[in-house]
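Read off the chains here:
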Amino acid sequence: MMHDEAAELLGAYAVGAVSPSEREQVEQHAGTCPICTEEVAELLSLRGELALLTEEREPPPALRTRLMSIVEQDRLEWQQRQAPVSIAQAARARSWWARVPRLAYGVSAAVVVAAVLLVVVLVSRNTLTITTYRGGAVAREVRGIHVAGATAAVEVRSDRATNVLLKNMPVLPPALSYELWLIPAQGAPVSLGGFEVRADHTFQRRYARDARGFAAVAVTIERAPGDWPTPTLSDLTLEVKLAV
Amino acid sequence: MNTADDVLSDEALVLRMREMDTGAFASLYDRYSRLAFGLAYRMLSDPAAAEDVVQEAFLAVWRQAATFQPAKSAARTWVLSIVHHRAIDRLRRSDVDLEGVHDLADDSMDVEHQVDASLDAAKVHKALTALPAEQQEAIQLAYFGGLSHSEIARTLNLPTGTVKGRLRIGLHKMRAMLDHDHLEKVVP
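Structural notes, computed from the coordinates. What you are looking at is a predicted structure, and each value in this text was computed from that prediction instead of being measured. (Residues numbered from 1 in each chain as written. Chains lettered and ligands numbered in written order. Predicted model: local features only at pLDDT ≥ 70, side-chain atom pairs only at ≥ 80, totals over all residues. Heavy atoms only, no water.)

## Concerning the overall build of chain B
Secondary structure summary: chain B contains nine helices and zero strands in total. Listing every helix and strand of chain B by position from the N terminus yields α-α-α-α-α-α-α-α-α. Considering only intrachain contacts with a sequence separation of at least 6, the fraction spanning at least 24 residues in chain B is 61%. (Helix = DSSP H or I, 4+ residues; strand = E, 2+ residues; numbered from the N terminus. Contact = heavy atoms within 4.5 Å.)

Encoded structure:
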């Protein structure tokens, strides 16, 4: 999409009045055009402000109860999984991937149930230190793809490389693509690019990127071919929180 | 009874949510769930669908708190943007009754009865109603009606370029008016 075409669509884009393909093209162009990026940021803030013109309406009380139950379950799982696995135990294990836990999803959550897991495994191999974090799906379904069973491990290495291993990942149709992100506590996410899972629903790759200092590694399902400049937050599929 | 979280800023609550503070989540929910549900209901005209959207949106807020960038937007703007985004997605997945949506948009024109008493809402209202009627109409059909620019063009029997222009120019004028108000407030 040329600059003029993209710029003409920016107002519509800011209030969600574009088709999926237009949205994709605008995002692709804005990723390479600082002028459009600035204009989009300026107009996008109105998306939240226009909501103030809405009459408040009391939601059903059950919604609060349900949400609190889900977030409390998230918190408990997060707390339980913070306890570090002993170094000896980790060293004995031939394959740490085999220990990636399957996620247990609650029975009552309508949309999503907990999936942010964090287990830190410290393995010292001579001078190489490897810290392993685990996580999983943060949605039951994204863009119509059932992703609830996905699990992940991220190995942050002292040699500045990062290993990413994913399991139970659905193979996507050609129109969609997985994309991997490093999420900082502050600032813009960094794309590590798109990827495809193998026929056995796994993915494994070593990236020459230092993940230390980032808050999380995340996977989104984007429109193919992936490699977007910014993640589509509503399409967040999987997350592994890192200690910062 | 007020809790400590009740006096924290929205941004501080989101930062606490990064540490899995469920009390902070509860406080943020209590602040904005009525507005969120009102927005979703206005867009979807279906209480069950609105409830689903608000649930999805608040869970996204909880689980994506680490992605919130306070330097870029207020937490309230971020939360309500997510609600709007989810509601648009819901509308796009369903068969939109253009006639019904047009009625909804007509209803949304009656902003006098829908403006929150807060100062910020009054400023947004002032900025919107200062626009030419055709720009207001395009923005409201897009934002509250969930119509795409091409659907608005069909509904109003206008070229799509005209609708895209009205949306873009109208939003820029609103942004400029709101920024000017903000400047007046923070710069003596």
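## Concerning the pattern of salt bridges
Applying the stated criterion across every chain yields a total of 16 salt bridges over all chains. Salt-bridge contacts for B:Arg168 lead to A:Glu39; the nearest nitrogen and oxygen are separated by 2.7 Å. Within this pair, whereas B:Arg168 is found in helix α9 (residues 160-186), its partner A:Glu39 is found in helix α3 (residues 34-49), the two belonging to separate chains. With a relative accessible area of 25%, B:Arg168 lands in the partly exposed category. Among the ionic pairs, A:Glu72 bridges to A:Arg75, the shortest N-O distance being 2.7 Å. With A:Glu72 and A:Arg75 both in helix α4 (residues 61-80) and three residues apart, this pair spans about one turn of that helix. A cluster of three or more residues bridged by salt bridges with shared partners is formed by B:Asp52, B:Glu56, B:Arg86 and B:Arg90. (Salt bridge = Lys/Arg side-chain N within 4 Å of Asp/Glu carboxyl O. Buried < 20%, exposed > 50% of the residue type's maximum accessible area, 1.4 Å probe, protein only.)

## What to know about the pairing of strand β6 (residues 162-167) of chain A
Residue and element names in this part refer to chain A. The buried fraction of β6 is high, at five of six residues. Relative to β6, strand β5 (residues 151-157) runs antiparallel, the two being bridged by six bridges. Within β6, the residue paired with Ala152 across the bridge is Leu166. Counted between consecutive antiparallel strands, the loop separating β5 from β6 contains four residues, among which Arg160 sits at a positive phi close to 70°. In the sheet, β6 pairs with strand β9 (residues 203-207) via five bridges, with the strands oriented antiparallel. Bridge assignment links Leu166 to a residue of β9, and that residue is Phe203. (Pairing = 2+ DSSP bridges.)

## So, the interface of chain B and chain A
Of the residues lining the interface, 66 residues belong to chain B; the matching set on chain A comes to 61 residues. For the pair chain B and chain A, the summed buried surface comes to about 6200 Å²; carbon and sulfur atoms form 62% of the total. A per-residue breakdown of the area chain B buries against chain A is headed by B:Met20, B:Gln55 and B:Arg63, which together make up 13% of the total. Across the chain B-chain A interface, the total number found is seven salt bridges. The residue A:Glu56 makes a salt bridge to B:Arg34 at a minimum N-O spacing of 3.5 Å. (Buried area = accessible area lost by both parts, 1.4 Å probe.)

## Describing the packing of helix α2 (residues 22-44) of chain B against helix α4 (residues 75-93) of chain B
Residues and elements named next belong to chain B. Across the interface, α2 lies against α4 with an axial gap of 10 Å and an inter-helix angle of 30°. Regarding the angle of α2 to α4, the classification is roughly parallel. The way α2 lies across α4 gives a crossing that is right-handed. Between α2 and α4, the residues in contact are Leu28, Tyr32, Leu35, Ala36, Leu39, Ala40, Met43 and Leu44 and Arg76, Val79, Leu80, Val83, His84, Ala87, Ile88, Arg90 and Leu91, respectively. Class assignment for the residues of the contact of α2 with α4 results in 14 nonpolar, one polar and two charged. (Axes fitted to C-alpha atoms, helices over the stretch in contact; angles between N-to-C directions. Parallel < 35°, antiparallel > 145°, perpendicular 65-115°, else oblique. Left-handed = near helix turned anticlockwise from the far one by under 90°. Nonpolar A, V, L, I, M, F, W, Y, C, P; charged D, E, K, R; others polar.)

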